[in-house]
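Remarks on the overall topology
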Amino acid sequence: MSLHFVLDPVLTPRLHDHLVALWVAATNAGGAVGFVAPVSASDVRPVAEAAFAGIADGPDRLLVGYAGERPVGMLIIVDHRFPLKDHWRVLKRVMVHPDAQGRGYGAALMREAERICRAAGLGALHVTVRGGLGLESFYARLGYREVGRLPGALRLAPGDDRDEVLMWLDLAAPAA
C-alpha cells in the first residue's frame, strides 16, 4: 500500500489517540522518540499533548503519513521561536509504526518534510539522533550530515548514557 501525506491534519480526539498509540508502539519497539521502553499511553500522552498544542497554536507543523486511512508515520516540523533562526526548522518525533517499517515509509516521510520546507523557502533542517542505534546512516542516506555530537547527553538509565548526534541538511543545495 502506498503512503500519502497530510500536512497539519485536524487534530481530532481520534487522531490524537492514533498518534499517541503510534508513539507508544514506536517507543516500545526501540524507537528513539523521547522515551525509553516500556511506555504506555499515559506516559506519552502529556508529552504528545504539549507537542500538539505547539501545532494547534502554531508555529509548529505536523506531517502525518497514511497507509489508506491509517496513520502509520509522523513527524513534527518545529519552529525555533527565535528570529535569528527563522530560516531553519527542527524535525522532531520522526516515527513510523513498527508494523509498517521496512517499506521505505521513513525515507518517504523525511523526503516529504524536505519538500515542504524547501517550498517554504527555508535554508536548512536539523534533526537530533540518539547515538548507539545506527540512525546516523539512515539520515546520511537522505543527505543529512553529522555536524556535532554531545557525548553522553542522553541518559536512558543509570550507566546507559548515549550521545546526542546533531544532523543537518542544507536546503540551499540541490535535492538529492
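Everything quoted here is computed from the prediction, not taken from an experiment.

1. Things to note about the overall build of the protein
Summing up its helical and strand segments, the protein has four helices and seven strands in all. For the protein, the succession of helices and strands along the chain, N to C, is β-α-α-β-β-β-α-β-α-β-β. For a compact globule of 176 residues, the expected C-alpha radius of gyration is about 16 Å, and the protein comes in at 16 Å, within 12% of that figure. If one aligns the C-alpha atoms of the protein with their principal axes, the spans along those axes are about 40 × 40 × 35 Å. The buried share among the 176 residues of the protein stands at 41%.

2. A closer look at the pattern of salt bridges
Scanning all chains against the criterion turns up 13 salt bridges. Two residues, glutamate 136 and arginine 149, come together in a salt bridge whose shortest N-O distance is 3.2 Å. In this pair, glutamate 136 sits in helix 4 (residues 135-141) while arginine 149 sits in strand 6 (residues 145-157), placing the two residues 13 residues apart along the sequence. Residue classification places arginine 149 among the partly exposed positions, given a relative accessible area of 35%. For the salt bridge of aspartate 161 with arginine 155, the shortest nitrogen-to-oxygen distance reads 2.7 Å. Salt bridges linked by common partners bring Glu136, Glu146, Arg149 and Asp163 together as one network.

3. Digging into the side chain of threonine 27
With respect to the element layout, threonine 27 can be found in helix 1 (residues 13-28). When its relative accessible area of 1% is taken as the criterion, threonine 27 is described as buried.

4. Quick look at the packing of helix 1 against helix 2 (residues 41-56)
The contact between helix 1 and helix 2 brings their axes to 9 Å, and the two run at 120°. When the interaxial angle is binned, helix 1 and helix 2 end up oblique. Every pair of crossing elements has a handedness; the one defined by helix 1 and helix 2 is right-handed. Along its contact with helix 1, which presents His16, Asp17, Leu19, Val20, Trp23 and Val24, the element helix 2 presents Ala41, Val44, Arg45, Val47, Ala48, Glu49 and Phe52. For the contact of helix 1 with helix 2, the residue count by class is nine nonpolar, one polar and three charged.

5. A short note on helix 3 (residues 105-119)
Because each turn of an α-helix spans 3.6 residues, side chains separated by three or four positions in sequence point in the same direction. Given a rise of 1.5 Å per residue, 15 residues ought to cover 21 Å, and the 21 Å separating the end C-alpha atoms of helix 3 matches this to within 8%. All of the buried residues in helix 3 are Tyr105, Gly106, Ala107, Leu109, Met110, Glu112, Ala113, Glu114, Ile116 and Cys117. One or two positions beyond helix 3, positive phi appears at glycine 121, with a value near 80°.

6. Observations concerning the sheet that holds strand 4 (residues 88-96)
The seven strands lie next to each other as 1-2-3-4-5-7-6, forming an open sheet whose pairing is mixed. Only two strands of the sheet have a single neighbouring strand rather than two, namely strand 1 (3-7) and strand 6. Within the sheet, the average angular offset between the axes of one strand and its neighbour, ignoring direction, is 25°. Here strand 3 (residues 70-79) pairs with strand 4 via six bridges, running antiparallel. From the neighbouring strand, aspartate 79 faces strand 4, where its bridge partner is arginine 89. Contacting strand 1, strand 2 (61-67), strand 3, strand 4, strand 5 (124-130) and strand 7 (160-170), helix 3 runs over the sheet at an angle of about 40° to strand 3.

Scoring rules and cut-offs
Residues numbered from 1 in each chain as written. Predicted model: local features only at pLDDT ≥ 70, side-chain atom pairs only at ≥ 80, totals over all residues. Heavy atoms only, no water. Helix = DSSP H or I, 4+ residues; strand = E, 2+ residues; numbered from the N terminus. Rg over C-alpha atoms; globule rule 2.2 N^0.38 Å. Buried < 20%, exposed > 50% of the residue type's maximum accessible area, 1.4 Å probe, protein only. Salt bridge = Lys/Arg side-chain N within 4 Å of Asp/Glu carboxyl O. Axes fitted to C-alpha atoms, helices over the stretch in contact; angles between N-to-C directions. Parallel < 35°, antiparallel > 145°, perpendicular 65-115°, else oblique. Left-handed = near helix turned anticlockwise from the far one by under 90°. Contact = heavy atoms within 4.5 Å. Nonpolar A, V, L, I, M, F, W, Y, C, P; charged D, E, K, R; others polar. Expected span 1.5 Å × (residues − 1). Pairing = 2+ DSSP bridges.

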